[in-house]
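Take a look at the letters that make up each chain.
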Amino acid sequence: MKRYWNIFYNGIIPSNPVFVLLLGMCATLGTTSSAYNGLMMGIATAAVLICSNVVISLIKSLVPDKVRIPAFIVIIASFVTILQLAVNAWLPALNASLGIFIPLIVVNCILLGRAEAFASKNSLFASFLDGAGCGIGFTFALVLLGGTREILGTGKIFGLTIFPEDYGMLLFVLAPGAFLALGYLIAIVNKIRKTC
Amino acid sequence: MKKLASTLPNMILSLGIITIASGALLGWVYSITKEPIALQAAAQQQAAIAEVAPAFDNNPEADKWETEINGVPFTVYPAYDDGKLVGAAVKGSSMNGFAGEITVMCGFEADGTVKDYRVLQQAETPGLGTKMEPWFRDPAGARSVIGKNPASTSFFVTKDSGGEIDGITAATISSRAFLETMRNAYEAYRNYEKNKSN
């Protein structure tokens, strides 16, 4: 039981995909202009991560080692395309706000990284937990970064006004602000991780 | 279960099965999402026409008229009430935005006054250019285009000489592209009027 909890918890804080492993930076920096966008991107990535981890764990003994990377990529890409079609069909508003970043989930290193490092070597249930943990860790990081940028840039959080928009630092909504905010958040998270 | 050895037949078989299964799954998902996606697009378009055009009793989509302004296709959806032309919704786009295509549904009264607009598609910078939907209807300063007629008001940003519309702060390129679409849509509407009276 303890082992399973550790697998799940590992992806959330000790090896958080964004703050500790620094994987998937493209999507992280690109979609976190607001807390809501970060949350939605996190959920979308987590869904694909759980599905791909489970399927890859299921077929791991049927995939010869030399072709495992293309096989994993095909599986991940299929889930991303399914997600994109589903979002297009039933959540058009989400499609409008995330746009190009949904297909880009395919090249998010976390997915292939977890498939290669974990799902291809572990049991179905452990892989599911690993996917869920990393997905939650990724979502948590994106919401934190998106929220920080939104509040500094526009004075809002999840669209709720905290202070008037005129006092916001526009820089944080733009790309350079994403790098700045991410750098400071990594520093803070690592400081907290070391002290406790 | 022991892992399959990396022999050529094994690799071909394994990858082949995975790609065929993925392909079949994708085909199935595509077939069930195709209809909702098409419905969404059609509903969005219909709603946009109804929102921006003056009240009408015809079917603007059946009466649509296609034209080209500076090489860009524009579609006029004329609004008739009691057989009289009361205005139109004009769908058009611009490639001169900051990122990708901007598509706008512009609504005009019979005399060409802007009644309303809907941004149907854009990929501008989040938080800046994406503000075009609320910005150009904001009554503050000279931001709003609503109630203005491109014949008497210059639909250029105030930064450019002679412009009479305030562009979005820090998103002048997006603003220019939006106003360009409005100007061209107005021209498309005028062309439709001329074409009809001939």
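Definitions and cut-offs
Residues numbered from 1 in each chain as written. Chains lettered and ligands numbered in written order. Predicted model: local features only at pLDDT ≥ 70, side-chain atom pairs only at ≥ 80, totals over all residues. Heavy atoms only, no water. Contact = heavy atoms within 4.5 Å. Buried area = accessible area lost by both parts, 1.4 Å probe. Salt bridge = Lys/Arg side-chain N within 4 Å of Asp/Glu carboxyl O. Polar contact = N/O pair within 3.5 Å; in protein donor to acceptor, adjacent residues only side chain to side chain. Helix = DSSP H or I, 4+ residues; strand = E, 2+ residues; numbered from the N terminus. Axes fitted to C-alpha atoms, helices over the stretch in contact; angles between N-to-C directions. Parallel < 35°, antiparallel > 145°, perpendicular 65-115°, else oblique. Nonpolar A, V, L, I, M, F, W, Y, C, P; charged D, E, K, R; others polar. Expected span 1.5 Å × (residues − 1). Bend = angle between axes of the 7 residues up to and from the residue. Buried < 20%, exposed > 50% of the residue type's maximum accessible area, 1.4 Å probe, protein only. Pairing = 2+ DSSP bridges. Domains from an automatic or database assignment.

This part takes up the interface of chain B and chain A. Taken together, the contact pairs 27 residues of chain B with 28 residues of chain A. Carbon and sulfur atoms make up 75% of the surface buried where chain B meets chain A, a total of about 2,300 Å² over both sides. Its largest share of buried area at the contact with chain A, chain B owes to B:K3, B:I18 and B:L26, together 21% of the area lost on that side. At the junction of chain B with chain A, the criterion picks out zero salt bridges. At the junction of chain B and chain A, the tally comes to six residue pairs in polar contact (both at pLDDT 80 or more).

A word on the environment of B:D138. Residues and elements named next belong to chain B. Positionally, D138 belongs in the loop between helix 2 (132-135) and helix 3 (172-197). Leaving out residues up to four positions away in the same chain, D138 has contacts with R143 and S144. A polar atom in the side chain of D138 sits 2.7 Å from the side chain of R143.

Bringing the packing of helix 4 (residues 68-90) of chain A against helix 1 (residues 8-52) of chain B into the picture now. The axes of two packed helices give the description: the angle between them and the distance between them. Between helix 4 of chain A and helix 1 of chain B, the shortest axis-to-axis distance is 8 Å and the interhelical angle comes to 10 degrees. Between helix 4 of chain A and helix 1 of chain B, the interaxial angle falls into the category roughly parallel. Contacts between helix 4 of chain A and helix 1 of chain B involve A:P70, A:A71, A:V74, A:I75, A:S78, A:T81, A:I82, A:L85, A:A86, A:N88, A:A89 and A:W90 on the former and, on the latter, B:L15, B:I18, B:T19, B:S22, B:L25, B:L26, B:V29, B:Y30, B:T33, B:P36, B:I37 and B:Q40. Partitioning the contact of helix 4 of chain A with helix 1 of chain B into residue classes produces 17 nonpolar, seven polar and no charged.

Okay, helix 1 of chain B next. Helix length check: helix 1 of chain B, at 45 residues, gives a terminal C-alpha distance of 62 Å against a target of 66 Å (1.5 Å per residue), a fit within 8%. Its axis deflected by about 35 degrees at B:T33, helix 1 of chain B carries its strongest bend there, up to four residues before the proline B:P36.

Bringing the pattern of salt bridges into the picture now. Pairing between side chains of opposite charge can happen when their charged atoms approach one another. Residues and elements named next belong to chain B. As enumerated under the stated definition, the model contains eleven salt bridges over all chains in all. A salt bridge links E51 to R118; its shortest N-O distance comes to 2.4 Å. In this pair, E51 sits in helix 1 while R118 sits in strand 5 (residues 114-121), placing the two residues 67 residues apart along the sequence. Residue class for E51 comes out partly exposed when judged on its relative accessible area of 37%. Note on R118: relative accessible area 22%, which makes it partly exposed. Salt bridges here are not isolated pairs; linked through shared partners, they connect E51, D116, R118, E133 and R137.

Position of B:D160 among the secondary structure elements: in the loop between helix 2 and helix 3. Sequence separation between B:D160 and B:G100 is 60 residues; the distance between their C-alpha atoms is 22 Å.

Within a sheet, adjacent strands bond to each other through the backbone by hydrogen bonds, running parallel or antiparallel. Residue and element names in this part refer to chain B. Taken in spatial order, the five strands make up an open sheet running 1-2-3-4-5, and their pairing is antiparallel. The outermost strands of the open sheet, each flanked by one partner alone, are strand 1 (65-69) and strand 5. Across the sheet, the mean angle separating the axes of adjacent strands is 25 degrees when strand polarity is ignored. One ladder, built from five bridges, connects strand 1 with strand 2 (residues 72-81); its direction is antiparallel. Paired with T67 across the two strands is F74, which belongs to strand 2.

Residue and element names in this part refer to chain B. With domains assigned, chain B is organised as domain 1 (1-51) and domain 2 (53-197). Here domain 1 and domain 2 have C-alpha centroids that lie 37 Å from each other. Residue-level contacts link six residues of domain 1 with twelve residues of domain 2. Overall, the association of domain 1 and domain 2 removes approximately 830 Å² of surface from exposure, summing both partners, and the carbon and sulfur fraction of that is 52%. When the buried area of domain 1 at its contact with domain 2 is split by residue, Q45, I49 and E51 rank highest and sum to 70% of it. The tally of links from domain 1 across to domain 2 stands at five residue pairs in polar contact (both at pLDDT 80 or more).

Moving on: the pairing of strand 2 of chain B. Residue and element names in this part refer to chain B. Of all ten residues in strand 2, seven are buried, a share of seventy percent or more. Count of turn residues in the strand 1/strand 2 antiparallel hairpin: two residues, of which N70 carries a positive phi of about 50 degrees. Relative to strand 3 (residues 84-94), strand 2 runs antiparallel, the two being bridged by seven bridges. Paired with D81 across the two strands is K84, which belongs to strand 3. With antiparallel pairing between neighbouring strands as the criterion, strand 2 and strand 3 make up a hairpin whose turn holds two residues, including D82 at a positive phi of roughly 60 degrees.

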